[in-house]
Every structure is written in structure tokens, then in C-alpha cells.
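Tertiary structure, described
Spelled out from the first residue to the last, the chains are:
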Amino acid sequence: MNRKLYEKTVRFFKENKIAHAVLVFTYKILPNIVFVAYPIMLVVEFFILGFCWEWFKLVLIPLFTLIVATMMRLVINEQRPYEKYGIESVFGKKTEGNSMPSRHTVSAVVIAMTFLYVNVPIGIIMLVAAFLIILSRVQAGAHYMRDVIVGLIIGLGAGQLLWVI
């Protein structure tokens, strides 16, 4: 995203109330729904599976994926679009650096993959939710497209481990 496109995107979401409301839902509310649904699924699966390797990997793979993504962000420490261009983001975000990869993307995707492993229909719904979260991270100006693409690759790759391990 270049400066001109970033300015245009921010202005669109700040001036258009309906688009802003949709972005609020996908950027702020939807991630919370996904992140609350995940521990609920873990509890349900614990009662179904008990404390076994099958359940334990539902916890460990997303956890280690988040740790790896966080460490990558600290090492790479890329600027966010609003930092680079000196323009306020749609939601007035002030965080500096740590743009790549997007942790929201990594988390949403690996959680969606975990749901897909446990229950295909719910997993598909979660993948759609993850895709909306990914789009919102770029539209809100919190991340560049490359940040969410790298996050998507990490989340999908880690999620594949559920079927391999």
C-alpha cells in the first residue's frame, strides 16, 4: 500500500459510517469472538478426549505458533503503514513497529485450522472469519498486505501440523 492509497483508504473508512461500522466489527469484535471461541472449544474437546496427545496438540500448536510469530515481529520490527506515512490510522492506533507478521492473522488462521481439524463445518466458518480479520487489518491501516500474507502462511503451515503430528 502506497501513501496515496493509504490516505484514500483511511479517509473512506472515517467518512463512511456504514463502512466504518463494518470495519469496527471485523477489526475489533470478530477477533474477540474467534479468540473467545477457541478456549471454549478446548474445554469441550477436553471433556470429549480427556488429557491426551490429541487434545494437547490443540493447545500446543497455536501456542507455539503465537510465540514464534511474536519473536519474528521483535526481530523484523517493521514499521506500520501509519508510522511510515505519518497519517493517523482509522482507529488511531499508536503501536510502533512489530508490523510483520500480523499476529491477529497468525492467531485467527491457526485457530481456524484447529477448529477445522476438530469440526469441519465450524472450521470453515472460522476460516471465513479469519479471512475477514485479515482484510480488516489492511483496511484499517494496521498492516501492509505482506504482513498479513506472511501471517496467513505461518497460520496455515502451523495448522497443517495438526494432521501431521
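First things first, this report covers the structure right here in the doc. All of these numbers come straight from a predicted model, not from anything done at the bench.

What counts as what
Residues numbered from 1 in each chain as written. Predicted model: local features only at pLDDT ≥ 70, side-chain atom pairs only at ≥ 80, totals over all residues. Heavy atoms only, no water. Helix = DSSP H or I, 4+ residues; strand = E, 2+ residues; numbered from the N terminus. Rg over C-alpha atoms; globule rule 2.2 N^0.38 Å. Buried < 20%, exposed > 50% of the residue type's maximum accessible area, 1.4 Å probe, protein only. Contact = heavy atoms within 4.5 Å. Patch = residues over 30% accessible without salt bridge, like charges linked within 9 Å, V, L, I, M, F, W, Y side chains within 5 Å. Areas by Shrake-Rupley, 256 points an atom, 1.4 Å probe, with all protein chains shown as cover. Salt bridge = Lys/Arg side-chain N within 4 Å of Asp/Glu carboxyl O. Core = buried A, V, L, I, M, F, W, Y, C linked by side-chain atoms within 4.5 Å.

Turning our attention to the overall build of the chain. When you go through the chain residue by residue, the secondary structure sums to 7 helices and 0 strands. Listing every helix and strand of the chain by position from the N terminus yields α-α-α-α-α-α-α. Relative to the 2.2 N^0.38 estimate, which gives 15 Å for 165 residues, the radius of gyration of the chain is 17 Å and therefore close to what a compact globule would have. Counting only C-alpha atoms, the chain reaches 50 × 35 × 20 Å along its principal axes. Per-residue burial for the chain yields a buried fraction of 44% across its 165 residues.

It is worth spelling out the side chain of Thr26 at this point. Positionally, Thr26 belongs in helix α2 (residues 17-49). With near-sequence residues (within four places) excluded, Thr26 lies in contact with Pro31, Leu132, Ile133 and Ser136.

Turning to a nonpolar patch on the surface, a few remarks are in order. Residues Val43, Phe46, Phe47, Phe51, Trp53, Phe56, Leu161, Trp163, Val164 and Ile165 make up a contiguous nonpolar surface patch of roughly 1100 Å² in combined accessible area. Those elements that provide at least two residues to the nonpolar patch are α2, α3 (53-76) and α7 (145-164). Position of Val43 among the secondary structure elements: in helix α2. Residue Val43 is classed as partly exposed on the basis of its relative accessible area, which comes to 46%.

Counting 26 residues, the largest nonpolar core has Val34, Tyr38, Met41, Leu42, Leu58, Phe115 and Met126 as the members making the most contacts within it. Secondary structure elements with two or more residues in this core: α2, α3, α5 (103-118), α6 (120-139) and α7. The element best represented in this core is α5, accounting for 8 residues. Other than its neighbours up to four places away in sequence, Leu58 contacts Tyr38, Met41, Leu42, Glu45, Leu49, Thr114, Tyr117, Val118 and Leu162.

Treat this as a map of the structure, not an account of what it does.
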